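Structural description and commentary
Here are the chains, one letter per residue:
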Amino acid sequence: MGSQLDSRTQLTKITVSLHWVIAIAVLGSLFFGMYLEDLPRSQEKGALIGIHKSVGMLVLFVALYRIYWRLKNSFPERLTPVSSWQEKVTSIVHTLLLATTVLMPVSGVIMSVGGGYPVGIFGVELIAAGTENELLGRIGHILHGVGGKVMLFAVAIHVLASIKHAVVTRDGTLQRILGKRIAG
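Residues numbered from 1 in each chain as written. Predicted model: local features only at pLDDT ≥ 70, side-chain atom pairs only at ≥ 80, totals over all residues. Heavy atoms only, no water.

To continue, consider unusual backbone geometry. The phi dihedral of Phe-122 is positive, around 45 degrees, even though this residue is not glycine. Residue position: Phe-122 is located in the loop between strand E1 (119-121) and strand E2 (124-127). Of note, the phi angle at Arg-170 is positive, near 45 degrees, even though the residue is not glycine. Topologically, Arg-170 is positioned in the loop between helix H4 (134-169) and helix H5 (173-177). (Helix = DSSP H or I, 4+ residues; strand = E, 2+ residues; numbered from the N terminus.)

And the structure:
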């Protein structure tokens, strides 16, 4: 079983896949969502929102599995020592990234349910349309907006840290998340 968990020298295919699937889906959803905000109300916008919501629901399921995997497998071992403040920032950023990958889809569900809209995945209804609840919809909208900003901030810090690992410390962290085995 030990070979099925991340090691200092190599991350599992599951860890690498979950990282990149979530990264691509979340970034795509964030930018697609920002694009949708500026579109005028129309039937086409409604269809695009349906795609956005479907991807969001898929992200939720993958994110929940990723959290399970992270709890089972723990975070990968650090390759180079860092100061205590950097360790705290790293922990906060990783927690924010994991939390917002759940918060964003959940807040989208709250927003949809509050608006009286159904929730589904590419036409498969998971939650039927119901009566509009303005307060619930507003709470979902606020959480979605704040969550998106927090997520973008955490992603920016994460990307900057990745660049630091690749260019400054050159410790193999970036190679590991690309699925490569590094020297122990």
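Having seen the structure, we can now continue with the description.
Before going further, it helps to spend a moment on the nonpolar core. Counting residues in hydrophobic clusters, the biggest one holds 17 residues, and the most contacted among them are Ile-22, Val-26, Leu-30, Met-57, Leu-97 and Met-151. For this core, the secondary structure elements donating two or more residues are helix H1 (13-37), helix H2 (43-73), helix H3 (84-114), E1 and H4. Those residues within four positions of Met-57 in sequence are excluded, and the remaining contacts are Val-109, Val-119, Gly-120, Ile-121 and Leu-126. (Core = buried A, V, L, I, M, F, W, Y, C linked by side-chain atoms within 4.5 Å. Buried < 20%, exposed > 50% of the residue type's maximum accessible area, 1.4 Å probe, protein only. Contact = heavy atoms within 4.5 Å.)

A few words now on the packing of aromatic side chains. By the definition in use, this model includes 2 aromatic pairs. On the basis of an interplanar angle of 20 degrees and a centroid distance of 6.3 Å, the ring pair of Phe-32 and Tyr-35 is categorised as stacked. Note that Phe-32 and Tyr-35 are positioned in helix H1 at a spacing of 3 residues, about one turn of the helix. Classification of Phe-32 as partly exposed rests on a relative accessible area of 25%. Using a relative accessible area of 46% as the deciding quantity, one classes Tyr-35 as partly exposed. Judged by centre distance (5.7 Å) and plane angle (45 degrees), the ring pair of Tyr-65 and Tyr-68 falls under tilted. (Phe/Tyr/Trp six-rings, centres within 6.5 Å; stacked < 30°, edge-to-face > 60°.)

Looking now at the packing of H2 against H3. Packing of H2 against H3 brings their axes to within 9 Å, and their N-to-C directions diverge by 145 degrees. As H2 runs across H3, the sense of the crossing is left-handed. Only Leu-98, Thr-101, Val-102, Pro-105, Val-106, Val-109 and Ser-112 of H3 make contact with H2, whose side of the interface consists of Lys-53, Gly-56, Met-57, Val-59, Leu-60, Ala-63, Leu-64, Arg-66, Ile-67 and Arg-70. Each residue belonging to the contact of H2 with H3 can be placed in one class, and the counts come to 11 nonpolar, 3 polar and 3 charged. (Axes fitted to C-alpha atoms, helices over the stretch in contact; angles between N-to-C directions. Left-handed = near helix turned anticlockwise from the far one by under 90°. Nonpolar A, V, L, I, M, F, W, Y, C, P; charged D, E, K, R; others polar.)

So, on to H4. For H4, built from 36 residues, the straight-helix expectation of 52 Å at 1.5 Å per residue is met to within 8% by its first-to-last C-alpha distance of 50 Å. Elements in contact with the buried residues of H4: H1, H3 and H5. Its side-chain oxygen at 3.2 Å from the backbone nitrogen of Leu-135, Asn-133 defines the N-terminal cap of H4. Phi turns positive, to about 45 degrees, at Arg-170, one or two residues after H4. (Expected span 1.5 Å × (residues − 1). Polar contact = N/O pair within 3.5 Å; in protein donor to acceptor, adjacent residues only side chain to side chain.)

With that settled, consider the pattern of salt bridges. Pairing between side chains becomes possible if they bear opposite charge and their charged atoms approach one another. For the structure shown, the criterion picks out 3 salt bridges. Between Arg-70 and Asp-6 there is a salt bridge, with the nearest N and O atoms lying 3.6 Å from each other. Residue Arg-70 is found in helix H2, and its partner Asp-6 is found in the segment before H1; the two are separated by 64 residues along the sequence. Of the two residues examined, Arg-70 and Asp-6, each falls in the buried class. Its salt-bridge partner being Arg-8, residue Glu-77 comes within 3.7 Å of it at the nearest N-O pair. Of this pair, Glu-77 sits in the loop between H2 and H3 while Arg-8 is found in the segment before H1, placing the two residues 69 residues apart along the sequence. Given a relative accessible area of 31%, Arg-8 falls into the partly exposed group. (Salt bridge = Lys/Arg side-chain N within 4 Å of Asp/Glu carboxyl O.)

This paragraph deals with the environment of Val-89. By the secondary structure assignment, Val-89 is in helix H3. A relative accessible area of 34% means that Val-89 is categorised as partly exposed. Considering only alpha carbons, one finds Val-89 and Ser-29, 60 residues apart in sequence, at a separation of 25 Å.

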